[in-house]
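Listed below are the residues making up each chain.
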Amino acid sequence: MNSLWLSRFTATSCLGCGLEAHRIALQARRGGLMPCRFETVRDLDTYIGEVAGLDEFKLPGPLAEYDCRNNRLALLGLYQDGFMAAVEAAIGRHGRRRVAVLLGTSTSGILQTEQAYRQRDPVSGALPDDFNYRTTHNTYSVADFVRRVFKLEGPAVVVSTACSSSAKVFAAAARMIAAGLVDAAVVGGVDSLCLTTLYGFNSLELLSPSPCRPFDAGRNGISVGEAAAFILLERPAGSLDADDVLLLGAGESSDAHHMSSPHPEGLGARKAMRAALSAAGLQCDDIDYINLHGTATPGNDAAEGRAVAALFGDRVPCSSTKGATGHTLGAAGGLEAIISALVLQQSFLPGGINTRHVDPGIPVQYLTGNREGAPRRVLSNAFGFGGTNCSLILGKAE
């Protein structure tokens with residue numbers, strides 16, 4: 001795989017808007033999870049990672065038909081870190097037909113449908129006239145929305161493979177660029193809070209009543225979060241700065257072991273990590289840090305830990321940042337790729353917060369405190385329901 005340049009990236013989550021907010025929070029070991037008071041939810045004993053102010057954030061008039069929580073979150077994310085200007089500059093270099101939009105999401109704008117159902121006609125059951133499925137709930141809505149924001153004319157795709165969605169778009173973009181279909185791609189993911197997610201995970205008995213504790217011996221479930229993560233991928237420029245970050249490899253697998261549980265030995269996860277190493281032309285010893293998928297459910301962490309140990313032993317320091325951000329579902333792969341890029345640029349390894357007693361049955365080197373260092377290559381894992389797995393390898397420009 002030819003390396004691709006992350007020429008600009010930005011993240012918005014419960015830690016704040018933009019890269020600086022995330023850097024400060026991670027270095028200060030401060031999480032953004034709060035007791036759930038979302039929308040009409042008053043009966044779930046859990047913590048969530050909510051982005052503040054989305055209910056008051058408005059879309060501009062020309063984009064009003066796309067109004068829903070997911071697209072509001074997307075636009076708020078696009079406004080950060082000069083990302084919109086960077087995309088416009090890329091359009092100037094490549095043309096509107098040569099920039100793709102490839103985004104991941106899980107629930108898209110389903111909250112808009114949940115709210116519309118409360119307003120059904122009491123006689124006919126019809127949804128309200130102002131409800132627009134195509135521009136809100138529809139999974140493609142967020143890519144269509146971002147495409148409209150930039151007036152792009154190239155390919156636009158949404159990947160929805162649960163929690164691996166916004167990692168897999170990196171691999172899809174790499175294939176498109178390698179095939180000569182486009183010269184650049186806006187990749188990443190947007191997933192926002194909704195009632196279906198909260199009550200759905202509660203029905204699976206996977207919600208933690210406290211801020212989640214990945215890889216802790218007493219871990220007891222996830223904390224649901226929301227996020228927008230955007231990355232502009234291009235071929236490397238003629239000369240790169242030392243702090244520039246490259247996508248070196250991407251690996252995908254689908255083990256289809258179970259609809260909601262991973263293979264207990266992490267076979268699919270192991271295949272994805274091996275494939276990423278192969279694509280990057282690297283060996284296990286070349287990885288300096290692993291950002292684990294680390295959801296804080298008993299089965300997922302144990303399976304991922306076995307997969308990591310099978311390849312890397314306990315040599316490579318690793319952690320999950322979901323204790324800080326919550327599990328942002330379809331946005332998790334993109335958000336954690338950006339966190340991995342920050343790790344490379346800021347020369348520190350983030351310890352997982354909330355984890356007090358690392359599970360002794362998982363033989364990996366799990367960090368519970370930050371560590372100074374100068375990693376050159378990091379691996380980021382994103383594993384979804386149904387065994388859809390993706391691993392990314394990022395590295396500093398040589």
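Residues numbered from 1 in each chain as written. Predicted model: local features only at pLDDT ≥ 70, side-chain atom pairs only at ≥ 80, totals over all residues. Heavy atoms only, no water.

Draft legend 1. Layout of the overall build of the protein chain. When you go through the protein chain residue by residue, the secondary structure sums to 11 helices and 17 strands. For the protein chain, the C-alpha radius of gyration of 20 Å lies close to 21 Å, the compact-globule estimate for 398 residues. Seen through its C-alpha atoms, the protein chain measures out along the principal axes to roughly 65 × 50 × 40 Å. Looking at the protein chain residue by residue over its 398 residues, the buried ones come to 60%. With an accessible surface of roughly 14,800 Å², the protein chain has 50% of that area assigned to carbon and sulfur atoms. (Helix = DSSP H or I, 4+ residues; strand = E, 2+ residues; numbered from the N terminus. Rg over C-alpha atoms; globule rule 2.2 N^0.38 Å. Buried < 20%, exposed > 50% of the residue type's maximum accessible area, 1.4 Å probe, protein only. Areas by Shrake-Rupley, 256 points an atom, 1.4 Å probe, with all protein chains shown as cover.)

Draft legend 2. Representation of the pattern of salt bridges within the structure. The final tally for this structure, using the stated rule, is 21 salt bridges. Here Glu-65 ties to Arg-134 by a salt bridge, and the two come within 3.5 Å at their closest N and O atoms. Remark: Arg-134 occurs in the loop between α4 (110-117) and α5 (141-150) and Glu-65 occurs in the loop between β4 (47-49) and α2 (69-78); sequence separation between them is 69 residues. The class of Glu-65 is partly exposed, set by a relative accessible area of 36%. Counted as one network, the salt bridges with shared partners bring together Glu-50, Asp-55, Arg-69 and Glu-226. (Salt bridge = Lys/Arg side-chain N within 4 Å of Asp/Glu carboxyl O.)

Draft legend 3. How the structure looks around the nonpolar core. Membership of the largest hydrophobic core comes to 50 residues, with the highest contact counts inside it found for Leu-102, Phe-170, Val-187, Leu-233 and Leu-394. It is helix α6 (residues 165-178) that contributes the most residues to this core, 9 residues altogether. With residues near it in sequence (within four places) discarded, Leu-233 still touches Leu-4, Trp-5, Leu-6, Phe-170, Ala-173, Ile-177, Asp-183, Ala-184, Ala-185, Val-187 and Leu-247. One finds Val-101, Leu-103, Val-146 and Phe-230 within the second-largest nonpolar core, a separate group that totals 34 residues. (Core = buried A, V, L, I, M, F, W, Y, C linked by side-chain atoms within 4.5 Å. Contact = heavy atoms within 4.5 Å.)

Draft legend 4. Structural context of unusual backbone geometry. One non-glycine residue, Ser-108, lies in positive phi territory at about 55°. Within the secondary structure layout, Ser-108 lies in the loop between β5 (99-104) and α4. With a relative accessible area of 2%, Ser-108 lands in the buried category.

Draft legend 5. Expanded view of the pairing of strand β10 (residues 245-254). Taking burial as the measure, the 10 residues of β10 include 8 buried ones, the bulk of the element. Summarising the sheet, strand β1 (residues 4-13) and β10 pair through 2 bridges and their orientation is antiparallel. Paired with Leu-4 across the bridge in β10 is Leu-247. Relative to strand β17 (residues 388-396), β10 runs antiparallel, the two being bridged by 9 bridges. Residue pairing for β17: Ser-254 is matched across the bridge by Thr-388. (Pairing = 2+ DSSP bridges.)

Draft legend 6. Spatial organisation of the packing of α6 against helix α11 (residues 332-346). Relative orientation of the contacting elements α6 and α11 amounts to 75°, with a least axis distance of 4 Å. Accordingly, the angle class assigned to the pair α6 and α11 is roughly perpendicular. Here α6 contributes Ser-166, Ala-167 and Phe-170 to the contact with α11, which in turn contributes Ala-332, Gly-333, Gly-334 and Ala-337. (Axes fitted to C-alpha atoms, helices over the stretch in contact; angles between N-to-C directions. Parallel < 35°, antiparallel > 145°, perpendicular 65-115°, else oblique.)

Draft legend 7. The packing of helix α1 (residues 19-27) against α11, seen in detail. At their nearest, the axes of α1 and α11 sit 11 Å apart, and the two run at 75° to each other. The angle between the axes of α1 and α11 places the two elements in the roughly perpendicular class. The segment α1 lies against α11, with Leu-19, His-22, Arg-23, Leu-26 and Gln-27 engaging Leu-335, Ile-338, Ile-339, Leu-342 and Gln-346. Here the residues of the contact of α1 with α11 sort into 6 nonpolar, 3 polar and 1 charged. (Nonpolar A, V, L, I, M, F, W, Y, C, P; charged D, E, K, R; others polar.)

Draft legend 8. The arrangement of helix α3 (residues 83-94) in detail. In this model α3 runs 16 Å from its N-terminal to its C-terminal C-alpha over 12 residues, within 8% of the 16 Å that 1.5 Å per residue would give. Residues of α3 that are buried: Phe-83, Ala-86, Val-87, Ala-90 and Ile-91. Buried residues in α3, looked at end-on, bunch into an arc of 145°, giving them a common side. Residues of α3 that are exposed and point more than 90 degrees away from the buried face comprise Ala-85 and Gly-92. The secondary structure elements touched by the buried residues of α3 are β1, α2, β5, α5, β7 (184-191) and β9 (227-234). Two residues or fewer after α3 comes Gly-95, characterised by a positive phi angle close to 100°. (Expected span 1.5 Å × (residues − 1). Arc of directions from axis to C-beta.)

Draft legend 9. Local environment of the packing of aromatic side chains. Applying the stated criterion across every chain, the model contains 4 aromatic pairs. Ring geometry for Phe-57 and Tyr-79: centres 6.0 Å apart, planes at 70°, overall edge-to-face. Taken together, the residues Phe-57 in the loop between β4 and α2 and Tyr-79 in the loop between α2 and α3 connect sequence positions 22 residues apart. Here Phe-83 and Phe-230 contribute two aromatic rings whose centre-to-centre distance is 5.9 Å and whose plane-to-plane angle is 35°, an arrangement assigned as tilted. Taken as a pair, Phe-83 in helix α3 and Phe-230 in strand β9 lie far apart in primary sequence, 147 residues in all. Accessibility expressed as a relative area gives 0% for Phe-83, which makes it buried. (Phe/Tyr/Trp six-rings, centres within 6.5 Å; stacked < 30°, edge-to-face > 60°.)

Draft legend 10. Layout of the sheet that holds strand β3 (residues 34-35). Here we have 3 strands laid out as an open sheet, ordered β3-β4-β8, and mixed in their pairing. For this open sheet the edge positions go to β3 and β8 (224-225), each flanked by a neighbour on one side alone. Judged from the 2 bridges that link them, β4 and β8 form a sheet pairing that is parallel. Bridging from a neighbouring strand, Gly-49 pairs with Gly-225 of β8.

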